[in-house]
Every structure is written in C-alpha cells, then in structure tokens.
Amino acid sequence: MPAPVPKPRTLYDKIWDDHIVHQDGEGPALIYIDRHLVHEVTSPQAFEGLRAAGRPVRRTDCTLATVDHNIPTTVRKNFTSASSFIEEPDSRAQVVALEDNVKEFGVTYFGMSDRRQGIVHIIGPEQGFTLPGITCVCGDSHTSTHGAFGSLAFGIGTSEVEHVLATQTLLQKKAKNMRITVDGQLLEGVTSKDVVLHIIGIIGTAGGTGCVVEYAGSVFRGFSMEARMSVCNMSIEAGARAGMVAPDDVTFEYLRGRPLVPKGEAWDKAVAYWRSLKSDDDAKFDIEVNIRAEDIVPTVTWGTSPQDVAPITGVVPNPANYTDSVKRSSVERSLKYMALVPGTRIEDIVIDKVFIGSCTNSRIEDLRSAAKVVLAAGPDAKVAPNVKYAMVVPGSGIIKQHAEAEGLDVIFKRAGFDWREAGCSMCLGMNPDQLSPGERCASTSNRNFEGRQGAGGRTHLLSPAMAAAAAISGKLTDVRKYLGVDMNQPSSLKVVKADEFLTDPVLPSPEPASTAASTAAAIIDLPPAETPSGAEKFTVLKGIAAPLNIENVDTDMIIPKQFLKTLKRTGLANALFYTLRKDPYTNEDTDFVLNREPYTKAKILVVTGKNFGCGSSREHAPWSLSDFGIRSVIAPSFGDIFRNNALQNGMLPVVLPEADCRTLAEDAAAGLELEVDLERQEIRRTNENPAIPFEADPFRRHCLLNGLDDIALTLQKESAIEEFEQRRSAVWPWLDGFGYQGKKIPVAQAKARKLEW
Ligand SMILES: CC(C)[C@H](C(=O)O)[C@@H](O)C(=O)O
Ligand code: SF4
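Note that the structure is a prediction, hence the values are computed from the model and not measured.

## Considerations on empty space enclosed by the protein
Next, step 1: According to the stated counting rule, one finds 7 cavities of 30 Å³ or more in the structure shown.
Next, step 2: One number sums up the size of the largest cavity: a volume of about 240 Å³.
Next, step 3: As for the largest cavity, its lining consists of 23 residues, of which His 69, Asp 140, Leu 428, Arg 447 and Arg 452 are closest to the centre.
Next, step 4: Here the residues of the lining of the largest cavity sort into 8 nonpolar, 11 polar and 4 charged.
Next, step 5: In this structure, the second largest cavity occupies an estimated 150 Å³ of space.
Next, step 6: Together, 13 residues line the second largest cavity, and Thr 304, Ser 305, Ser 330, Ser 334 and Glu 551 are the ones closest to its centre.
Next, step 7: For the lining of the second largest cavity, the leading source of residues is helix H12 (residues 325-338), giving 3 residues.
Next, step 8: Residue classes in the lining of the second largest cavity are distributed as 2 nonpolar, 6 polar and 5 charged.
Next, step 9: Built from parts of two domains, the lining of the second largest cavity gets at least three residues from each of domain 2 (321-486) and domain 3 (540-708).

## A few points about the packing of aromatic side chains
Next, step 1: For the structure on display, the rule yields 19 aromatic pairs.
Next, step 2: A ring pair is formed by Phe 638 and Phe 642, whose centres lie 6.2 Å apart and whose planes are at 10°; its orientation type is stacked. Each member of the pair Phe 638 and Phe 642 is classed as buried.
Next, step 3: Chaining the aromatic ring pairs together yields one cluster made of Phe 252, Trp 267, Tyr 273, Trp 274, Trp 732 and Trp 734.
Next, step 4: Residue placement shows Arg 35 over the ring face of Phe 129; its charged tip is 5.3 Å from the ring centre.
Next, step 5: A cation over an aromatic ring shows up here: Arg 258 above the ring of Tyr 254, its NZ or CZ 3.9 Å from the ring centre.

## Things to note about the pairing of strand E12 (residues 287-292)
Along any regular strand the residues' side chains alternate between the sheet's two faces.
Next, step 1: Only one face of E12 is covered, namely the face carrying Ile 287, Val 289 and Ile 291; the face carrying Glu 288, Asn 290 and Arg 292 is uncovered.
Next, step 2: Relative to E12, strand E9 (residues 176-183) is paired through 6 bridges, and the arrangement is parallel. Paired with Asp 183 across the two strands is Arg 292, which belongs to E12.

## Section: the domain arrangement of the protein chain
Next, step 1: According to the domain assignment, the protein chain consists of domain 1 (11-292 + 716-739), domain 2 (321-486) and domain 3 (540-708).
Next, step 2: Using only C-alpha atoms to locate each centre, domain 1 and domain 3 end up separated by 29 Å.
Next, step 3: Counting residues at the interface gives 32 residues for domain 1 and 24 residues for domain 3.
Next, step 4: Both sides together, the interface formed by domain 1 and domain 3 hides about 2100 Å², and carbon and sulfur atoms give 51% of it.
Next, step 5: Of all residues in domain 1, the largest losses of buried area upon contact with domain 3 belong to Gln 45, Ser 159 and Arg 241, amounting jointly to 24% of the total for that side.
Next, step 6: On the surface where domain 1 and domain 3 come into contact, there are 3 salt bridges.
Next, step 7: Its salt-bridge partner being Glu 88, residue Lys 565 comes within 3.2 Å of it at the nearest N-O pair.

## A look at the pattern of salt bridges
Next, step 1: By the definition in use, this model includes 52 salt bridges.
Next, step 2: Linking Lys 413 and Asp 409 is a salt bridge whose minimum nitrogen-to-oxygen distance equals 3.6 Å. Of this pair, Lys 413 and Asp 409 both sit in helix H15 (residues 408-415), 4 residues apart, which is roughly one turn of the helix.
Next, step 3: A residue is classified by how much of its surface remains accessible, and Asp 409, at 9% relative accessible area, is buried.
Next, step 4: Put simply, Asp 589 and Lys 582 hold a salt bridge, and the shortest N to O gap is 2.8 Å.
Next, step 5: The exposure class of Asp 589 is exposed, given its relative accessible area of 54%.

## Brief notes about the environment of Gly 217
Next, step 1: Here Gly 217 shows up in the loop between strand E10 (211-216) and helix H8 (218-222).
Next, step 2: Distance from Gly 217 to Thr 181, taken between C-alpha atoms, is 4.9 Å for residues 36 residues apart in sequence.
Next, step 3: In contact with Gly 217, other than residues within four places in its own chain, are Thr 181, Val 182 and Asp 183.

The rules behind each value
Residues numbered from 1 in each chain as written. Chains lettered and ligands numbered in written order. Predicted model: local features only at pLDDT ≥ 70, side-chain atom pairs only at ≥ 80, totals over all residues. Heavy atoms only, no water. 1 Å grid on protein atoms, 1.4 Å probe; cavity = no way out; pocket = protein on both sides within 12 Å on 5 of 7 lines; lining within 4 Å. Points joined across faces, edges and corners; volume = space filled by probe spheres on them. Nonpolar A, V, L, I, M, F, W, Y, C, P; charged D, E, K, R; others polar. Helix = DSSP H or I, 4+ residues; strand = E, 2+ residues; numbered from the N terminus. Domains from an automatic or database assignment. Phe/Tyr/Trp six-rings, centres within 6.5 Å; stacked < 30°, edge-to-face > 60°. Buried < 20%, exposed > 50% of the residue type's maximum accessible area, 1.4 Å probe, protein only. Lys NZ or Arg CZ within 6 Å of the ring centre and 35° of its normal. Pairing = 2+ DSSP bridges. Contact = heavy atoms within 4.5 Å. Buried area = accessible area lost by both parts, 1.4 Å probe. Salt bridge = Lys/Arg side-chain N within 4 Å of Asp/Glu carboxyl O.

What follows is the structure, given as structure tokens:
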C-alpha cells in the first residue's frame, strides 16, 4: 500500500501538532507550553491556588516573571524596595505579592531595580526567552506579540495561569487558520502601526475571532522584528487568539547572541529546525484576506474601538450613514464619548496629552522614529503649548539605557517631553499615569476603549511618528508633512471618508459547533463525572435577564483597571460595569440597566451586539459578573479569552444568532425571567413562546454539568506529560531553560529552588 501523502500544513498546524501531549477523539487537546511569562496583575490568585493545593511550579526553568502594570514610572534613583517605593497601597500589595511568590516558588524575576525589568511582552523577546516554534502564554492578552517569532503565543486568564504553573500544559481547542497577506510597496511615512490599524479597520475587532492569524506577504517579510511585533501585538484587537509571522533570517539575526537563546551547536540545530517552520505552499487557510500595501496611509482611530479607524486625511464618520441600528448606535455612542462631530477633519482634532509607550510601541525603533519627527520639526521644536503633557515610556530598562546611549532622551526632553522609567504606564493607567475626564490623548498604545487611559479619557491610537507629530503641532497631524514626503505621490493626500474604512467585517462569522451534545460521548472520551471536581456545577439557571444593546463590549468596560489590583477572586460585584454605572464626572449612579429594577437581581445577561468580552484577558470580568449574580451571558459571539475564563468559573456563555438574541432581549426588557437549561441545551421563556435551542461544546458542557476542574483532569495525564517532556528534551533540547551562565536549570519538582540567572 502506498504511504499516505502528508497533508499540507500551515505554520500554526505544525506548531500545534508538535505540542500535543494527549488528545481524546475530537475533544480538546492537552498541549505543552514551552514558555510562561508572569506579571503581578493576573498571577496572585494563581499562586494562591498552587499554595492551597500544595503544588509546586512545574517548570521554573520555563517561567519568567516581571512587574509592569502597576509600577510608577518615576525616577528610581532612590529606589530601595517596591514596598517603600510604591505609594498606592493596592498596587504595592500586588507587586509585593509577586515578589513573595517568586521567592517561594523559585521563579526567575526581574524586579524594579533590575535593568532587565520591563513590559512583559518586551522583555521576553529582548532576553531570547521567546523563540520560534514554541508555545508561549501569559496572563495577558497581548501575548500575541511573541508570535512575531513564528511561535504560537496567546493570552490566558488566571485559572489557566494556575494550570500552566502546575502542569506546564493547557487544554485547548484548535483554532481556525486565517492568513492576512499584505503585498506591495508601503507609501513613505507609513509604519507597521498604520498597517495593523488598517487591517483591523477592514476585518473588524471580531474579524479574527476563533482564528490564529498568519501574516504573510512582502510587507511583513520586509519588516524588522520590532515592526512584526507591533503587528502581532494587535492581533488580539482584531479578535484573533494569536498572530504569527514565519521565522526567517531577520528573526535569527535578531535572536543571535541574546542571553537565553541556544549557543554553539544547539544554535545550529535550532536554526535548522526553525527554517522548517513555514506554511506549506498548498496549505489551506479557512479565511484569507488580501490587502494592497499602496492603499495604506497613516491611520488613527476616532472612536472607542480599535476598528474605528480613519486615514489621517479623512473625516469623522456620520452615524446617519449606517443602516444597521446596532452599528449606528455604537457609532453614536463612540462619537458622544469622544466628543466628536461628524464631518470634522481628523487633522483638526486638538489633543491634550501624548503617550509614547506600551507593548505595541515602546521599543528602540519606535523611540527612534518618534525622535526623528521631533528632530525633523526643527532644532527648536517644542511640544505645542496646548498639549498639557507628553510622555515617553521605554518598554524596558534596557531599551531606556539604549535610547539614552543614542541621545534620544535628550531630543525628547529638549522638546518638552517627559522621559520615564519602564512600565505599562498610561496604556491602561493602573499606576498614576492617567488621563483626567475629558482629556484627549494621542497614544501609541493598542486600546481606545472608554475609560481605558483614565475615567472619561479619550484615546486616539496612532504610530510613534504620528504621536510625535501630534505633540509638536498640538493636534492630530499627517506625519508626512514633517518628514518631507512628496505629498503629490499617488493617494498621499486623497481625502478618504472614515466611513469607507468602516465596512462590516468582510469575513464570515465563526461557524457554530456542529456536534450535538447527545452524540458527544460517542466520539469524545469524556472524563468520568466522578473525577475530582473543584468548580461549581451549572445545570439549569432561572432568573431575571438584563438586556444590553451594545456591541464589542470589552473587558475594560466590564471591569475597569482600578479593580484589577485585588489579590482575591471575590468582592467585585460593585466593580461590574463600573464606568457605565457611575458617571465619571459626578460619581452618581447612572440609569444603566444593572442599576435599575428588576435588573439589580439579574442572573442572566442578554447582549444583542457581537463580540462580548473582547480585549484584555482579565478573569476579573467573569469574576465580577458572577459576584453580581450573573452566571450566564447570551450573545451573538464572544471574545475567545473571555469565553474560556467564564467557563473556568462555572459560567455559561451561550452563542445564539443575532435575531434570537434580540428576541430574548425583548423578553428581558419586558422584565420576564428566562431559564437557561444546559442539560437540554435550550433557553425557555416564561411567556407562551417556544424555547430557543443552543449548541454547547460537548467537553465543556460535560465539565460544567459535573463541576469538573481542568487542573485535576490534567494531573491525571501526568505520565503523558512526563513522556512528552523526555521527547522534548531529546528533539528540541534548547527548550529546556538555560541560565545566563549557560547552565541547564533542573526542573523544579516538589521543592522550590532559587535560580541564578
Ligand atoms: C492586566 C491584563 C489582564 C490586561 C490584558 O490582558 O491585556 C492588560 O495588559 C491590558 O492591556 O488590558
Ligand atoms: S497592553 Fe498596555 S497594559 Fe496591557 S501589557 Fe501592553 S502595555 Fe501593558
């Protein structure tokens, strides 16, 4: 018999296949995790879980921790300890908790006095911790950044952080393959940030839901590693689980010689393997998007979702041009929040603050490109008088040092920018760097959600070069004017209406699961119901349902940053939808649905807009819903990480077609109760109308009905994990963690150990 012809595979397929530890039938796969990055916000409850169960961190050699979100970015000259330096008590408690945890569990840590400290997604690549072909996770949605190296990198919630710390694996369902190809020649003055904003404008914030995106085409090939990282970073803003670029010589040159990359013979072996990591020529992608490089101009956002983009040459869109009512009301809502009038030229939007930083744009090339614009504006160029404050926050201590060696800090300071220490800073303002209500900011970060940079603050996303141009001119400005670009080149100055960019996503929505629950047990080896359980069971839920007519409800909206500073999973009921329930200017209760009777007692949320729970990986979102009393959310679609996090907490996200959501929302608006029955997979209505059936993933349904806990299930596969680890050490020896001295660091089993990196 002829040997079976191997199926052509995508890059994602190859990495996925190489990491399967165990899989039963069509159920989720247990995949091995090569690299785990940890920060202070999403880890305290995970370490607490380990401590309570008496479990060690399985692979301290593959785990790296730092502090970034909470820390002040003020001068650290007098720094002696985090506990004396950080003034805000909750931020201090979270940083100190991480410091205690890494000591107790023996995890390598870059603290505030270490120049290697920085934003978690900056330091992984900088140290060579991130490598091609690996699986990489972090309790942070922008873990997608690391996909720039040709790795499968994605954000997870705190329960999954605990799962990885304990088992070095995750239970995952394979995503779809999507390829975004950008071919052609970028116009002068157009950067990787413009490219990714343009992509999100086209496919929408839900365009990549359920997918891993591979970026292909001459534009990404021609990009540096830093530019590729900026693109992959924002994959999550397009709804994708992960984004990746196949590794090539650019990748290998970037990695060569970094502290944690393999050396000598191991390097050669690794590069030979890495060269095989590309999609086969005839590999099939579920979704393909093709974009012409020449169509992209410097791009900014005007609204409160990263898909609300416009070319800098454009105007603010008019809601009246939208026929779809949910879409129209979301544009109206955005414009009201952003205090913008339809038809206003984007270049006429005056700003109050500028933020250059974040895991999207705080690398050395970003700082150079911003400094170049400042220099190009003339030797005496200064931040415009109407700009109250402009700050530059390097992504890591090493980048800061590098920039200072090049004199970039002097350029910025001379022009009136503040030059800060590394951290997340005003990207989300968990530290004191925040906008005040009503302030408008030109920001190189990745999210323009309501209240993201401070309650009532207004964010316009753009590239570092565009941010520098905005700082100097005091309003959003076409950077090409400073760069001496010939504005007569084709399409440079063409006025494009933002509406042209506001197409509905061009992609088909993810297909609903086709497997009926009744047949599930036959094809999936489901765990027995008597498996140790730790989670709350979900069978039938009856109660008041609250209607919510908003699309793209992001997790910043569900629970804003100030409530992420907790060390617990509970006490978050009042934090739920805080900025919608409290007026940011007066702090009075608003008339938001959950403030009104009978919805203060809601157990179910019915959302008519798609993409509920998009954005950040904060598990605090389901925790706060659950604390409020809501254990099921019904919506046309969900952000991937939110859906996982909800399931990890015994909650049920139900996907229904938009029309059904609208019907149920009408019942909810009439104050009628609903009954969500997971066993029968239907939603019963308390009027005379028929029940509405829904699909549920068979494995997850089984776990919810029986209150099964993922970690307990995975620990039953200990021998499969051990076998995988042995094979991994033999085939990919460079994946076992090596220290700075080139020593192999032994795997921590029962006892925590101190590492000497
Ligand atoms: C704190 C963390 C959970 C969050 C994320 O997952 O993205 C943060 O980094 C953000 O950018 O909102
Ligand atoms: S998006 Fe902002 S807050 Fe989140 S990790 Fe990146 S810099 Fe930090």
